[in-house]
Amino acid sequence: MTAQVNMFINGKSVPPASQLYFETINPADGTVLAEVARGTEADIHAAVEAADAASETWGSVNPMERARILNRLAQAIRDNMESLGRMESDDMGIPYEAQHIVIEGSAEFFEYYAGLAPSLQGDTIPADQDKFVYTTYEPYGVVGIITPWNAPLNQAARSAAPALAAGNTVVLKPSEYTSLSTVEFARLASEAGLPDGVLNVVTGFGPDVGAPLAAHRKVSKVGFTGSVRTGQAIGAIAAEKVMPVTLELGGKSPNIVFEDADLAAAIPMVLFGFIANSGQICSSGTRVLVQRSIYEEFSKMIAAAAEQIPIGIDKPFPCLGPIANQMQYDKVLNYFQSARDEGATILTGGEKATGEGLDDGLYIRPTVFTDVARDMRIVREEIFGPAGVLIPFDTEEEAIEIANDTDYGLCSGIWTRDVSRVHRVARKIKAGTVYVNTYHDHSVGAPVGGYKKSGIGRERGIQALRQYTQMKNVTMNLA
Ligand code: NAI
Ligand code: MG
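Keep in mind the model is a prediction, meaning the values are calculated, not measured.

A few words on the domain arrangement of the protein. By the assigned domains, the protein splits into domain 1 (4-249 + 454-475) and domain 2 (254-443). Spacing between the C-alpha centres of domain 1 and domain 2 amounts to 31 Å. In this assembly, 23 residues from domain 1 lie in contact with 29 residues from domain 2. Interface area, domain 1 with domain 2, both sides summed: about 2,100 Å², of which 61% is carbon and sulfur. At the surface where domain 1 touches domain 2, the tally comes to zero salt bridges. Taken together, the links from domain 1 to domain 2 amount to eight residue pairs in polar contact (both at pLDDT 80 or more). For the side of domain 1 that touches domain 2, the element with the highest residue contribution is helix 3 (residues 81-92), accounting for three residues.

And the structure:
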């Protein structure tokens with residue numbers, strides 16, 4: 001019989017009020033991995049009440065003690081690296097040899113925010129001599145975190161670690177496509193000494209549990225990672241409640257290659273920029289802008305490099321795993337059809353990958369498009385698959401203009417040896433991150449977040465910790 005996975009509420013594994021379960025699938029071979037509890041508003045209510053009851057105590061724990069507990073959570077992740085990694089591969093399709101990157105990253109979020117927890121200190125404000133004025137950072141209380149399926153545990157940790165470090169309690173709702181590692185993490189955290197109710201996980205579908213979580217009266221802040229459409233829905237709920245949100249949404253990030261770039265270094269990294277995690281990364285550099293003098297040469301080189309990438313979840317890394325779920329697989333192939341219909345040229349890929357070990361999985365070949373026009377869907381919309389478009393430009397000004405011609409503004413890349421140009425272009429690009437002669441290269445302390453429709457607020461870094469707090473000002477009359 002298929003294993004049943006329950007929710008984790010108030011320190012216990014809890015079956016769903018609905019008594020219903022749904023299947024989660026392994027995208028590498030189509031097998032059913034487990035049946036996951038199908039949550040409803042009743043489960044959200046139970047989880048929020050547990051989080052609310054735990055909030056007063058957790059929020060007043062000495063930050064040094066909170067830090068020690070968060071370090072134990074990090075250690076629990078490290079001690080279970082292999083089983084958590086395997087769970088992530090089975091549920092979402094990350095290649096076996098890449099598991100450790102996302103799992104180790106998850107542990108690092110807890111280590112980083114454990115270190116920062118005791119540093120959340122306010123200011124004393126200069127004022128009249130008969131006044132004493134100071135500020136403190138206070139937790140919100142109960143924070144709701146809603147995560148997508150493209151790096152499940154990593155994204156859960158990225159938001160939960162700063163929220164918990166700041167003294168909030170958390171109700172986490174993982175994506176219905178990839179619930180397993182988040183539920184398992186909550187269990188491990190409890191075993192490692194996190195008090196009951198501090199971290200609760202409610203599984204299920206967006207409208208059934210995500211929406212009531214965001215709307216719950218006792219949830220005072222939401223951290224969301226996912227699509228623009230759902231981000232807008234959560235933003236609308238937040239507007240009604242006058243509740244702050246962190247929204248980490250999509251992207252259509254430009255990666256600009258100038259003619260003086262070191263092409264031997266650029267080619268593999270630019271390719272990695274849009275095929276890493278089979279393209280299912282919000283910051284993917286999917287619009288590759290190439291200076292016209294090297295456009296032909298670059299096009300040939302990157303297509304050749306794409307064809308060298310091994311495909312299969314068990315291949316030596318760097319390799320391509322499957323797309324994480326059927327919905328996304330269909331969506332990517334749909335975009336490829338739109339590219340054909342709109343007249344783009346497929347330099348390589350553009351179809352599903354077949355062959356030994358691939359036929360039952362959701363595999364798609366690394367894909368490079370050229371001869372694209374600015375209004376094509378593949379140029380304007382987030383594909384979230386292993387695909388990039390090549391766009392020629394003549395001058396630096398034109399590169400900047402094309403780079404910014406998008407509704408998004410999450411990430412960007414610049415490839416050049418000219419230091420002055422680096423700073424000129426970095427200053428003009430409207431995006432939360434600028435990589436220079438590198439890509440997908442993110443230190444845990446470097447903030448990420450979007451300009452324009454890519455989001456509101458910042459994840460990672462000290463900024464994220466502060467965004468899970470609210471500031472209080474105290475003014476005292478000494479006279
Ligand atoms: P989604 O944004 O609908 O899902 C993300 C999370 O939100 C999931 O946990 C989902 O259950 C929840 N959710 C869905 N509807 C909700 C609602 N009304 N209220 C509250 N929570 C809700 O993304 P989905 O459908 O999984 O993927 C659609 C597209 O979004 C992808 O094709 C991709 O283009 C983009 N995407 C972007 C991500 C990013 O990191 N920027 C991550 C995942 C998807
Ligand atoms: Mg799955």
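Moving on to the site of ligand 1. Surrounding ligand 1, one finds 26 residues, the nearest of these being Trp149, Glu176, Ser227, Gln328 and Lys331. Between ligand 1 and the protein, one listed contact pairs an oxygen atom with a side-chain N or O atom of tryptophan 149 at 2.6 Å. Here an oxygen atom of ligand 1 sits 3.3 Å away from a polar atom, N or O, in the main chain of glycine 206. For ligand 1, the protein covers 91% of the area, taking 810 Å² as the surface of the free molecule. Elements represented by at least two residues in the shell around ligand 1 include exactly helix 7 (206-215), strand 11 (219-225), helix 8 (228-241) and helix 11 (326-342). Taken together, the residues of the shell around ligand 1 break down into 11 nonpolar, 11 polar and four charged. In terms of domain composition, the shell around ligand 1 takes at least three residues from each of domain 1 (4-249 + 454-475) and domain 2 (254-443).

The rules behind these values
- Residues numbered from 1 in each chain as written.
- Chains lettered and ligands numbered in written order.
- Predicted model: local features only at pLDDT ≥ 70, side-chain atom pairs only at ≥ 80, totals over all residues.
- Heavy atoms only, no water.
- Domains from an automatic or database assignment.
- Contact = heavy atoms within 4.5 Å.
- Buried area = accessible area lost by both parts, 1.4 Å probe.
- Salt bridge = Lys/Arg side-chain N within 4 Å of Asp/Glu carboxyl O.
- Polar contact = N/O pair within 3.5 Å; in protein donor to acceptor, adjacent residues only side chain to side chain.
- Helix = DSSP H or I, 4+ residues; strand = E, 2+ residues; numbered from the N terminus.
- Near = heavy atom within 4 Å.
- Areas by Shrake-Rupley, 256 points an atom, 1.4 Å probe, with all protein chains shown as cover.
- Nonpolar A, V, L, I, M, F, W, Y, C, P; charged D, E, K, R; others polar.

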